[in-house]
Amino acid sequence: MDRRTFISASLAATAAVAGSILADGLPLPVTSAQARSEGERKKMKILVLTGSPRKNSNSGTLAGAFIKGAREAGHEVVRFDAAAGNVHACVACNSCGMDGPCVFADDFETVREHIIPADMVVFATPMYYFGMSSQLKAVIDRFYAINSKIHVSKKAVLLMTYANTSPRDASPMLTHYEVLLDYLGWQDAGRVVASGVWPAGAIKNTSFPEQAYQLGKRL
């Protein structure tokens, strides 16, 4: 191969890799991988469900940091504070038939309004006795009334805090989250598991809020 042929072949290979060389003034076709990357960055509707009943809560701080990052990334975010709302526990009456109105007319209707069209659902909760807070669990139990409507492709994020530092102590909540996603057919998009935070505001002295912010920012 002479020098001129080698240079021509090298330029052609570079154009094929870069995908940005113009041909006759028009950009080369976008590859499927590039198209998927662009699609993944589309604006999403995100519902953030928080579960702590405590003011200035550590999990609430994570939620706020995540929301800040997600909004800066151009996403539409709605936050529902389960502890501040009025959501009755599911009583297993089956009146809704897993796809209808609930016998309780309460603040779950706000959740219903936003979770069905949501592209992503975020669970932010402290660990209470090795599980989610009862306030958030009540909301999740009421998913029963919209079961068929949320069995669709969505993404999910877990933001959890706990006072202990043993990974084993966090495992029940992580398992619950994973099995819930498996059942619903949702995809895990990230987690921030903040250990060793107990008093209100303790998390502010850690790197966890920045992790939550960056998670929301890079969606």
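Residues numbered from 1 in each chain as written. Predicted model: local features only at pLDDT ≥ 70, side-chain atom pairs only at ≥ 80, totals over all residues. Heavy atoms only, no water.

1. Topic: the overall build of the protein
Convention followed: A run of DSSP states H or I qualifies as a helix once it reaches four residues; a run of E qualifies as a strand once it reaches two. Both are numbered from the N-terminal end. Burial classes: relative accessible area under 20% of the type maximum marks a residue as buried, over 50% as exposed, and values in between as partly exposed (1.4 Å probe, protein chains only). Between two residues, a contact is recorded if the distance between any of their heavy atoms is within 4.5 Å. Here the accessible surface of atoms and residues is derived via Shrake-Rupley with a 1.4 Å probe, and residues count as covered only by protein chains that are part of the display.
A tally of helices and strands in the protein yields eight helices and seven strands. Per-residue burial for the protein yields a buried fraction of 39% across its 219 residues. Considering only residue pairs separated by 6 or more positions, the protein has 77% of its internal contacts joining residues 24 or more positions apart. Accessible area of the protein: about 12,100 Å², with a carbon and sulfur share of 55%.

2. Things to note about helix 4 (residues 108-115)
To be explicit about the condition: The arc refers to the directions leading from the helix axis to the C-beta atoms.
For helix 4, every residue scored as buried is listed here: Phe108, Val111, Arg112 and Ile115. What you see down the axis of helix 4 is that its buried residues fit within an arc of 100°, all on one side. Buried-residue contacts for helix 4 involve strand 3 (45-50), strand 4 (76-81), strand 5 (120-126), helix 5 (134-141) and helix 6 (147-150).

3. Regarding the pattern of salt bridges
We apply this condition: The term salt bridge refers to a side-chain nitrogen of Lys or Arg lying within 4 Å of a carboxyl oxygen of Asp or Glu.
One pass over the full model with this rule turns up nine salt bridges. With a closest N to O distance of 3.0 Å, Arg79 and Asp81 form a salt bridge. Of the residues examined, Arg79 reaches a relative accessible area of 36% and is grouped as partly exposed. One salt-bridge network, in which partners are shared between bridges, spans Lys68, Glu72 and Lys217.

4. Quick word on the pairing of strand 7 (residues 187-195)
Stated precisely, the cut-off is as follows: What makes two strands pair is DSSP finding at least two bridges between them. Crossovers are marked right-handed if the path from the first strand over the helix to the second runs clockwise, as seen with the strands pointing away from the viewer.
Relative to strand 7, strand 6 (residues 155-162) is paired through seven bridges, and the arrangement is parallel. What sits directly across from Leu159, in strand 7, is Val192. Tracing the backbone out of strand 6, into helix 7 (residues 167-184) and back to the parallel element strand 7 gives a crossover that is right-handed.

5. Comments concerning the packing of aromatic side chains
Rules: By convention, a stacked pair of Phe, Tyr or Trp rings (six-membered ring in the case of Trp) has centres within 6.5 Å and planes under 30 degrees apart, an edge-to-face pair has planes over 60 apart, and any other such pair is tilted.
Within this structure, the stated rule accounts for one aromatic pair. Here the aromatic rings of Phe123 and Tyr177 are separated by 6.3 Å at their centres, their planes lie at 80°, and the arrangement is edge-to-face. With a gap of 54 residues between them, Phe123 in strand 5 and Tyr177 in helix 7 connect regions that are remote in the sequence. Tyr177 carries the same exposure label as Phe123, and that label is buried.

6. What about the confidence of the model for the protein?
Filter applied, for reference: Residue-level confidence of the predictor, termed pLDDT, takes values from 0 up to 100.
Mean pLDDT for the protein: 87, with 82% of residues reaching 70 or above. Below a pLDDT of 50 lies the segment residues 1-36, which in the model reaches 11 contacts outside its immediate sequence neighbourhood of four places, other chains included.

7. Observations concerning empty space enclosed by the protein
Defined as follows: With a 1 Å grid spanning the protein atoms alone, the term cavity applies to any set of points in which a 1.4 Å probe fits but cannot get out, the term pocket to an open set with protein on both sides within 12 Å along at least five of seven lines, and the term lining residue to any residue with an atom within 4 Å of a point. Grid points are joined across faces, edges and corners, and a volume is the space filled by probe spheres set on the points. Note on residue classes: Ala, Val, Leu, Ile, Met, Phe, Trp, Tyr, Cys and Pro are nonpolar, Asp, Glu, Lys and Arg are charged, and everything else, Gly too, is polar.
Taken as a whole and judged by the stated rule, the model has one cavity of 30 Å³ or more. In this structure, the largest cavity spans a volume of roughly 100 Å³. Cys90, Cys93, Cys96, Cys102 and Tyr144 are, among the 13 residues lining the largest cavity, the residues nearest its centre. Its residues assigned to classes, the lining of the largest cavity comprises nine nonpolar, two polar and two charged.

8. Let's talk about the nonpolar core
The condition is simple: The nonpolar core is taken to be a set of buried Ala, Val, Leu, Ile, Met, Phe, Trp, Tyr and Cys residues, with the residues joined through side-chain atoms within 4.5 Å.
Formed by 31 residues in total, the largest nonpolar core has its most connected members in Leu49, Ile115, Phe123, Val139, Phe143 and Trp186. Listed by contribution, the elements that provide at least two residues to this core are strand 3, helix 4, strand 5, helix 5, strand 6 and helix 7. Here this core takes seven residues from helix 7, the largest share from any one element. In this structure, Phe143 is in contact with Leu49, Phe108, Ile115, Phe123, Ile150 and Trp186, ignoring residues within four places of it in sequence.

9. Topic: the sheet that holds strand 5
Here is the rule we go by: Under this scheme, a helix contributes an axis fitted over its contacting stretch, all axes are lines through C-alpha atoms, and angles between N-to-C directions fall in the 0 to 180 degree range.
Here we have five strands laid out as an open sheet, ordered 4-3-5-6-7, and parallel in their pairing. Only two strands of the sheet have a single partner each, and these edge strands are strand 4 and strand 7. Taken pair by pair, the neighbouring strands of this sheet meet at an average axis angle of 15°, ignoring direction. Running over the sheet, helix 4 touches strand 3, strand 4 and strand 5 and is turned about 150° from strand 3. Contacting strand 6 and strand 7, helix 8 (residues 208-217) crosses the sheet at an angle of about 170° to strand 7.

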